[in-house]
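Listed below, chain by chain, are the residues.
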Amino acid sequence: MILKALEGIGLRPVSPERPLTTNQKIFRAMVVVGACSVVAKLAGTGKELAVAGWFGRSDALDAFLIAFLLPSFVVGIVAGSLNGALIPVFVHVRQEQGRDAAQRLFSSVMVLSLAGLTGVAVLLALFAPFFLTLIGLGFSPAKLMLTRQILYLLLPFVVLSGLVAVWSAVLNAGERFLLPAVTPALTPLVILAFLFLEGGTWGIFSLAAGTVVGQVVEAVLLARALKAHGLRLKPSWGGMDTQVRRVVTQCVPLAAGALISGGTTLVDQSMATMLASGSVAALNYANRITSAVLGIATLALGRAVLPYLSSMVAKGDWAGFRHTQKTYVRLIACATVPLTVALFLFSKPLIRILFQRGEFISMDTLVVSNVLTFYSLQIPFYALGILLVTIMSSLKRNDILFYAAGLNVTLNIVLDLIFMRFLGVSGIALSTSVVCLASDLFVGFLVLKLIRRKTTTTVFP
């Protein structure tokens, strides 16, 4: 019965004599990435438990989270835009023109990435006094100064984490999923080491130092893996040829969309600074729980599916494309709905067990569990959104994601202002869940419309 059910969705195990189908390859990749993501998320959870014990919902933790917000926002733009633009083109070039052409593309993209990331880090350093005042609207002068000091220490994270994102994407494009999935566990472990060794002396600065050093460790390991697979890491500009232009053309709307959609996080955190002290930290703790749940499934889904969907687009295999899409919509529903119900019902005891110790008291448990209740509602919609974004990226219709991002940030601002008046910081979480649902409806409608236009040619211009 189980084998027949798996066969019905294209996931039935095969004998050594039978080649794996595309769905079976994707499922195998998802298992690998998912298992490694569990390790990474466990490490991240351990770090959050230590942070809760050390800092609770203190002003120092609020300052760190706001300081970390912009560097992580920039890296999110790189990971969400450059990777979505690079993988389909990289796969196409490698299949059609060979490894040398793929290497030239990779080297040129490295030049663009390093230049862009370094430039952004410099701009963050120069304009920190201005934008931190805008983001930390409710912070005192002393709290803003602490935030700025932490931001300066975190600036190397922008370049390092951006490179880690690009290198992970290239390994995934080569169907190498294990190391990119497990390396995110290293930074939380390094942070834990800094907390226990220097936390008493450095205080909140131990979090920033551990974050930067952890990215150095991740970058070194990924660099060694790329070299082992025959890729040269030395940046080399080969000119703005056709393939680089394709990446840039796809990257621009994705980056603009990520800039706008990532702005929802900036808006949420900024509005939380206007509420009671510790509201930023409350959002962070609750978001860490939902991110841990989502990260295991959606990271596995996004990383595993995109290379194969891009390959099917390059080959014009539209029947396989539609079958893969339907298969993973069903899997997402089966996996995420029970998780959502469980988190909604048991948020308070879960927060009490995980965090209530040291500086994290019972009142903190009440606030964070209420936020988690509303955050948990986004899980099915967020997971489906990852699949929809992946489909759009493989079809090279990233311009649609730009419009969706604009819808998201506009709706998020309106709903934040409405819901936080009645629910406080929990209203910000509810706004996030509603925005995820609206985004899925918008992008999902356009995905169905595009796929119905059955074609036998590639979507490359």
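Residues numbered from 1 in each chain as written. Predicted model: local features only at pLDDT ≥ 70, side-chain atom pairs only at ≥ 80, totals over all residues. Heavy atoms only, no water.

How should I be thinking about the overall build of the protein in this particular structure?
Scanning the protein from terminus to terminus reveals 16 helices and zero strands. Residue pairs at least 24 apart in sequence account for 83% of intrachain contacts in the protein once pairs closer than 6 positions are excluded. As displayed, the protein offers around 19800 Å² of accessible surface, 69% of which is attributable to carbon and sulfur atoms. (Helix = DSSP H or I, 4+ residues; strand = E, 2+ residues; numbered from the N terminus. Contact = heavy atoms within 4.5 Å. Areas by Shrake-Rupley, 256 points an atom, 1.4 Å probe, with all protein chains shown as cover.)

Any chance you could explain the packing of helix H5 (residues 141-173) against helix H8 (residues 205-228) here in plain terms?
Each pair of packed helices can be described by the angle between their axes along with the distance between the axes. Between H5 and H8, the shortest axis-to-axis distance is 9 Å and the interhelical angle comes to 20°. Considering their axes alone, H5 and H8 lie roughly parallel with respect to each other. Here H5 and H8 pass one another in a crossing that is left-handed. (Axes fitted to C-alpha atoms, helices over the stretch in contact; angles between N-to-C directions. Parallel < 35°, antiparallel > 145°, perpendicular 65-115°, else oblique. Left-handed = near helix turned anticlockwise from the far one by under 90°.)

Looking at this structure, I do not really get the side chain of Thr183. What am I missing?
As for its position among the elements, Thr183 is in the loop between helix H6 (178-182) and helix H7 (186-202). Residues within four places of Thr183 in sequence aside, it is in contact with Glu218, Leu221 and Leu222.

I'm lost on the environment of Arg246 in this one. Help?
Among the secondary structure elements, Arg246 is positioned in helix H9 (residues 242-272). The exposure class assigned to Arg246 is buried, which follows from its relative accessible area of 18%. A C-alpha to C-alpha distance of 7.1 Å links Arg246 and Val89, two positions 157 residues apart in sequence. (Buried < 20%, exposed > 50% of the residue type's maximum accessible area, 1.4 Å probe, protein only.)

Looking at this structure, how should I read H7?
Along an α-helix, residues three or four apart share an orientation, since each turn contains 3.6 residues. Look at H7: only 21 Å from first C-alpha to last across 17 residues, short of the 24 Å you get at 1.5 Å a residue. Just downstream of H7, Gly203 is the residue with a positive phi angle, here 65°. (Expected span 1.5 Å × (residues − 1).)

What is the right way to read the pattern of salt bridges from this model?
A side chain of one charge can pair with a side chain of the opposite charge when the charged atoms of the two come close. Enumeration over the complete set of coordinates arrives at two salt bridges. With its nearest N and O atoms 3.1 Å apart, the salt bridge here joins Lys143 to Asp59. With Lys143 in helix H5 and Asp59 in helix H3 (residues 59-97), this residue pair connects regions lying 84 residues apart in the sequence. Assessed through its relative accessible area of 10%, Lys143 is described here as buried. Using a relative accessible area of 41% as the deciding quantity, one classes Asp59 as partly exposed. Among the ionic contacts, a cluster of salt bridges with common partners joins Asp59, Asp62 and Lys143. (Salt bridge = Lys/Arg side-chain N within 4 Å of Asp/Glu carboxyl O.)

What is the right way to look at the layout of surface pockets in this model?
A probe matching the size of a water molecule, rolled over the atoms, marks out where space remains unfilled. Empty space within the second largest pocket amounts to approximately 250 Å³. Along the wall of the second largest pocket there are 15 residues; nearest its centre are Phe90, Arg94, Arg99, His229 and Leu231. When contributions to the lining of the second largest pocket are tallied by element, the ones reaching two or more residues are H3, helix H4 (99-135) and H5. Considering every element that reaches the lining of the second largest pocket, the biggest residue donor is H4, with four residues. When its residues are assigned to classes, the lining of the second largest pocket shows six nonpolar, four polar and five charged. (1 Å grid on protein atoms, 1.4 Å probe; cavity = no way out; pocket = protein on both sides within 12 Å on 5 of 7 lines; lining within 4 Å. Points joined across faces, edges and corners; volume = space filled by probe spheres on them. Nonpolar A, V, L, I, M, F, W, Y, C, P; charged D, E, K, R; others polar.)

What exactly am I supposed to notice about the nonpolar core here?
Side chains of a nonpolar character, in soluble globular proteins, are inclined to be buried together. Ranked by size, the top nonpolar core spans 98 residues in total, and within it Leu61, Phe64, Leu105, Phe106, Trp167, Leu207 and Tyr285 carry the most contacts. Per-element accounting of this core gives the leading share, 21 residues, to H3. Those residues in contact with Leu207 that sit more than four places away from it in its chain are Val51, Phe55, Leu61, Phe64, Ile191 and Leu195. Core analysis: the next-biggest nonpolar cluster, separate from the first, contains 14 residues, Leu387, Leu388, Leu450 and Ile451 among them. (Core = buried A, V, L, I, M, F, W, Y, C linked by side-chain atoms within 4.5 Å.)

Explain the packing of H4 against H5 to me, please; I cannot follow it from the model alone.
It is the contact of H4 with H5, at a shortest axis distance of 10 Å, that shows an interaxial angle of 165°. One way to sum up the angle between H4 and H5 is to call them roughly antiparallel. Between H4 and H5 lies a crossing of right-handed hand. Residue classes in the contact of H4 with H5 are distributed as 21 nonpolar, five polar and one charged.

Please clarify how the environment of Leu339 should be interpreted in this entry.
You can see Leu339 is positioned in helix H11 (residues 318-345). We classify Leu339 as partly exposed; its relative accessible area is 38%. Along the primary structure Leu339 and Pro380 are separated by 41 residues, whereas in three dimensions their C-alpha atoms are 8.8 Å apart.

In this structure, what is going on with the packing of aromatic side chains? I would like to understand it.
Ring pairs (aromatic) are described by centroid distance and by the angle formed between their planes. Enumeration according to the criterion identifies eight aromatic pairs in this entry. Taking 5.2 Å as the distance between ring centres and 55° as the angle between the ring planes, the aromatic pair formed by Phe68 and Phe157 counts as tilted. Of the two residues, Phe68 is situated in helix H3 and Phe157 in helix H5; the sequence distance between them amounts to 89 residues. By relative accessible area, Phe68 is classed as buried at 18%. Under the relative-accessibility criterion, Phe157 is labelled buried at 6%. (Phe/Tyr/Trp six-rings, centres within 6.5 Å; stacked < 30°, edge-to-face > 60°.)

Explain a nonpolar patch on the surface to me, please; I cannot follow it from the model alone.
A surface patch of nonpolar side chains, about 530 Å² in accessible area, is lined by Val122, Leu123, Leu126, Phe127 and Phe130. Given a relative accessible area of 47%, Val122 falls into the partly exposed group. (Patch = residues over 30% accessible without salt bridge, like charges linked within 9 Å, V, L, I, M, F, W, Y side chains within 5 Å.)

Help me understand the side chain of Ser431 in this model?
Topologically, Ser431 is positioned in helix H16 (residues 425-452). Residue classification places Ser431 among the buried residues on the basis of a relative accessible area of 0%. Ignoring anything within four residues of it in the chain, the contact list for Ser431 reads Asn412, Leu415, Asp416 and Phe419.

Could you clarify how one ought to interpret the environment of Ala185 in this entry?
Assignment of secondary structure puts Ala185 in the loop between H6 and H7. The buried category is assigned to Ala185, whose relative accessible area is 5%. With 29 residues separating them in the primary sequence, Ala185 and Gly214 have C-alpha atoms 9.1 Å apart.

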